[in-house]
Amino acid sequence: MPSFTQDSDLDLLFSTDLISSEVKSQLHPDLHLRPLASTDYHRGHLDVLRVLTIVNDPGEQCWLSQFNALRSTPRTYYTVVIVDKPTDKIVAVGTVFIERKFLRGLGSVGHIEDIAVDKNQQGKKLGLRIIQALTYVSENSGCYKTILNCSEANIPFYEKCGYQKKESEMAKYA
Ligand code: ACO
């Protein structure tokens, strides 16, 4: 996939109406913010996630099945990517999923997950733009709060994004 593909030519995970134009306008002209697309397997989606953790390649068909499973649950999964236009490769990624509750007047909470910026692009505010874009999705989906778990080392980054430390994380791995 050599040249940049316009949003209108892509099969996207969700509507571009939920992509903040303000965040888009703050990116370098060579960079483009949009929802994950069904062909992003070929744009290095998994390679970018590898800066975060171990990622096994399930193959294109299984990747696409997962994409379709996320999309078939309406108003729940929102993955955004930043694409480098000259190479048409993904350089940053992040997800917010919307949890619907019975409390707080049937309120919703946005959970931010799997934030990753390509090693060569770190320190250029792309992580900040991804968090701003996901917070916009969460708040414009009616969430009363947006939360995430992170390492101690990443706390200063999330503070720069306007988040505050609150409570503790518990985990039990299977
Ligand atoms: N410690 C202190 N400050 C930091 C750190 C850090 N670890 N990382 C970024 N910052 C600061 C930057 O200096 C910048 O400050 P400034 O506005 O004063 O200049 C501000 O935070 C914004 O930084 P960005 O340039 O947007 O950061 P970047 O694009 O490098 O993205 C990220 C940060 C996502 C942590 C990236 O380095 C990365 O992908 N790391 C590896 C994967 C990872 O740890 N992901 C987060 C997991 S937690 C989760 O997914 C919910």
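On a predicted model such as this, the values are computed, not experimentally measured, just so you know.

Brief notes about the overall build of the protein
Secondary structure summary: the protein contains six helices and five strands in total. Starting at the N terminus, the α and β elements of the protein follow one another as α-β-α-α-β-β-α-β-α-β-α. Taking 16 Å as the expected radius of gyration for a compact globule of 174 residues, we find that the protein reaches 16 Å, a close match to that expectation. With the principal axes as the frame, the protein shows a C-alpha extent of 45 × 40 × 35 Å. Across the 174 residues of the protein, 42% fall into the buried class. For the protein, restricting intrachain contacts to residue pairs at least 6 apart in sequence, the fraction spanning at least 24 positions comes to 63%. Accessible area for the protein stands at about 10,600 Å²; split by element, carbon and sulfur atoms hold 49% of it. Charged side chains of the protein number 20 positive and 21 negative; the gap between the two group centres comes to 5 Å.

Re the pattern of salt bridges
In total, this model carries six salt bridges according to the counting rule given. For Arg71, the salt bridge goes to Asp11, with nearest N and O atoms at 2.9 Å. Pair noted here: Arg71 is in helix 3 (residues 60-71) and Asp11 is in the segment before helix 1 (21-25), with a separation of 60 residues, a long-range link. As a salt-bridge pair, Glu99 and Lys101 come within 3.2 Å of each other at their nearest N and O atoms. Since its relative accessible area comes to 24%, Lys101 is described here as partly exposed.

Describing the side chain of Ser108
Residue position: Ser108 is located in strand 4 (residues 108-117). In this structure Ser108 touches Ile98, Glu99, Arg100, Gly142, Cys143, Tyr144 and Lys145, once residues within four positions along its chain are discounted.

Describing the site of the ligand
If you check the shell around the ligand, you find 21 residues, and the closest are Ile115, Val117, Lys125, Gly127 and Leu128. With respect to the ligand, the backbone of Asp114 contributes an N or O atom lying 3.3 Å from an oxygen atom. Between a nitrogen atom of the ligand and a main-chain N or O atom of Ala153, the distance comes to 3.3 Å. Here the ligand has 980 Å² of accessible area as a free molecule, and 72% of this is covered by the chains. When residues of the shell around the ligand are traced back to their parent elements, those giving at least two are strand 4, helix 5 (126-140) and helix 6 (155-160). Looking at the shell around the ligand element by element, the count peaks at five residues for strand 4.

What counts, and where the lines are drawn
Residues numbered from 1 in each chain as written. Predicted model: local features only at pLDDT ≥ 70, side-chain atom pairs only at ≥ 80, totals over all residues. Heavy atoms only, no water. Helix = DSSP H or I, 4+ residues; strand = E, 2+ residues; numbered from the N terminus. Rg over C-alpha atoms; globule rule 2.2 N^0.38 Å. Buried < 20%, exposed > 50% of the residue type's maximum accessible area, 1.4 Å probe, protein only. Contact = heavy atoms within 4.5 Å. Areas by Shrake-Rupley, 256 points an atom, 1.4 Å probe, with all protein chains shown as cover. Lys, Arg positive; Asp, Glu negative; His and termini not counted. Charge placed at Lys NZ, Arg CZ, Asp CG, Glu CD. Salt bridge = Lys/Arg side-chain N within 4 Å of Asp/Glu carboxyl O. Near = heavy atom within 4 Å. Polar contact = N/O pair within 3.5 Å; in protein donor to acceptor, adjacent residues only side chain to side chain.

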